[in-house]
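Observations on chain architecture
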Amino acid sequence: MSRFRPHHAAVLAVAAALLAPISVAHAASPGVNIAGPPTPQLVEQVIASGAKSVRIFALWRDLEPSARGQYPPNVHSDYGLQQLSGVFDAGLLALNAAGVKPLYVLVESPQWANGSTDYLVPPTNVADFAGFAGRFAAHNRSLGGQVLGYEIWNEADIGERALRAFLGRPRQDRLELGVRLAHEALLSLIHLSEPTRPY
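An account of the accompanying structure is given in this report.

1. Considerations on the nonpolar core
A general trend in soluble globular proteins is that nonpolar side chains are found buried together. Within the largest apolar cluster, 25 residues are counted, with the highest numbers of intra-cluster contacts made by Leu63, Phe88, Tyr104, Leu106 and Phe136. If we skip the residues at most four places from it in the chain, leucine 63 touches Ala58, Gln70, Tyr71, Leu81, Leu84, Phe88, Phe132 and Phe136.

This is the structure we're talking about:
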């Protein structure tokens with residue numbers, strides 16, 4: 001009579017593992033960046049690339065160039081602002097129709113918000129930026145748009161111009177400002193994009 005030995009169990013375990021169905025690992029979906037607003041030409045290129053996500057820079061200084069609350073524009077707004085907003089709207093819907101979701105990077109202060117000609121200088125009042133972020137998200141939601149997410153600012157502590165923006169501020173102050181900016185913007189995004197959500 002043959003005895004079952006521990007090494008038999010090991011052999012059986014290996015054989016079972018080899019005979020088990022192979023599970024397929026799925027690679028992360030590719031994504032791309034586009035520079036500037038999602039014009040029809042850029043949207044076509046994104047779709048042709050096969051990407052399922054696209055990172056788009058939505059510059060606050062362009063979308064609210066001269067006053068708080070300019071975005072989203074209305075029929076009385078500056079024609080150029082209406083056109084730019086229309087490019088973002090059409091881009092979102094065209095991308096979604098092709099199964100692509102944008103990740104919007106909300107960045108760059110208008111001069112009225114930071115008192116500087118350098119758009120990398122953060123706003124004096126973070127609530128101004130937060131309000132814009134919330135209105136931008138709420139508007140996209142009102143269109144029925146599917147968005148991957150919103151990136152708050154971009155590399156605020158990297159680069160010569162960004163460092164000039166924080167000149168004279170200790171590292172702790174820079175970090176605190178960045179956290180406050182993100183915190184206020186996220187609260188606004190949640191509140192304005194989902195106004196009926198219970199808290």
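2. Quick notes on the packing of aromatic side chains
One pass over the full model with this rule turns up 11 aromatic pairs. Each ring, one from tyrosine 71 and one from phenylalanine 136, has its centre 5.4 Å from the other, and the planes form 35°; the classification is tilted. In this pair, tyrosine 71 is assigned in the loop between α3 (60-63) and α4 (79-97) and phenylalanine 136 in helix α6 (residues 126-142), connecting sequence segments 65 residues apart. Given the relative accessible area of 0%, tyrosine 71 is considered buried. Look at phenylalanine 136 and you get buried, because its relative accessible area is 0%.

3. Observations regarding the sheet that holds strand β1 (residues 31-34)
Sheet strands pair by backbone hydrogen bonding; their relative direction is either parallel or antiparallel. The strand order β1-β2-β3-β4 describes an open sheet built from four strands, whose pairing is parallel. Because the sheet does not close on itself, it has two edges, and the strands there are β1 and β4 (149-152). Along the sheet, successive strands turn relative to each other by an average axial angle of 25°, direction set aside. Across seven bridges, strand β2 (residues 53-59) lies against strand β3 (residues 101-107) in parallel orientation. Note that in β3 the partner of alanine 58 across the bridge is leucine 106. The strands touched by α6 within the sheet are β2, β3 and β4, with β3 carrying the most contacts at an inclination of about 160°.

4. Some remarks on α4
Because each turn of an α-helix spans 3.6 residues, side chains separated by three or four positions end up pointing in the same direction. The terminal C-alpha atoms of α4, which comprises 19 residues, lie 27 Å apart, in line with the 27 Å expected from a rise of 1.5 Å per residue. Restricting attention to buried positions, one finds in α4 the residues Leu81, Leu84, Ser85, Phe88, Asp89, Gly91, Leu92 and Leu95. For α4, the angular spread of the buried residues around the axis is 160°, confining them to a single face. Opposite its buried face, α4 presents the exposed residues Tyr79 and Ala97, each directed more than 90 degrees away. Considering only its buried residues, α4 is in contact with α2 (40-49), β2, α3, β3 and α6. With a side-chain oxygen positioned 3.0 Å from the backbone nitrogen of glycine 80, the residue opening α4 is aspartate 78.

5. A short note on the environment of glycine 80
Note on placement: glycine 80 falls in helix α4. Overall, the relative accessible area of 41% leaves glycine 80 in the partly exposed class. Linking glycine 80 and leucine 63, residues 17 residues apart in sequence, is a C-alpha distance of 9.9 Å.

6. Notes on the side chain of aspartate 128
Mapped onto the fold, aspartate 128 is located in helix α6. Taking relative accessible area as the criterion, aspartate 128 reaches 9% and is therefore assigned buried. Polar side-chain contacts of aspartate 128 include one of 2.5 Å to the side chain of arginine 68. Not counting the four nearest positions on each side in its chain, aspartate 128 is found in contact with Trp60, Arg68, Trp112 and Arg135.

7. Remarks on the environment of aspartate 89
The topology assignment puts aspartate 89 in helix α4. Along the backbone, aspartate 89 and leucine 143 are 54 residues apart, and their C-alpha atoms lie at a distance of 7.7 Å. Excluding residues within four positions of it along the chain, aspartate 89 makes contact with Tyr71, His139 and Leu143.

8. Here we look at the packing of α2 against α4
Axis separation between α2 and α4 bottoms out at 10 Å; the angle between their running directions is 20°. Classified by the angle their axes make, α2 and α4 are roughly parallel. Our pair here, α2 against α4, has a crossing hand that is right-handed. In contact with Val43, Val46 and Ile47 of α2, α4 contributes Gly91, Ala94 and Leu95. Of the residues contributing to the contact of α2 with α4, the split by class is five nonpolar, one polar and no charged.

Cut-off values and rules
- Residues numbered from 1 in each chain as written.
- Predicted model: local features only at pLDDT ≥ 70, side-chain atom pairs only at ≥ 80, totals over all residues.
- Heavy atoms only, no water.
- Core = buried A, V, L, I, M, F, W, Y, C linked by side-chain atoms within 4.5 Å.
- Buried < 20%, exposed > 50% of the residue type's maximum accessible area, 1.4 Å probe, protein only.
- Contact = heavy atoms within 4.5 Å.
- Phe/Tyr/Trp six-rings, centres within 6.5 Å; stacked < 30°, edge-to-face > 60°.
- Helix = DSSP H or I, 4+ residues; strand = E, 2+ residues; numbered from the N terminus.
- Pairing = 2+ DSSP bridges.
- Axes fitted to C-alpha atoms, helices over the stretch in contact; angles between N-to-C directions.
- Expected span 1.5 Å × (residues − 1).
- Arc of directions from axis to C-beta.
- Polar contact = N/O pair within 3.5 Å; in protein donor to acceptor, adjacent residues only side chain to side chain.
- Parallel < 35°, antiparallel > 145°, perpendicular 65-115°, else oblique.
- Left-handed = near helix turned anticlockwise from the far one by under 90°.
- Nonpolar A, V, L, I, M, F, W, Y, C, P; charged D, E, K, R; others polar.

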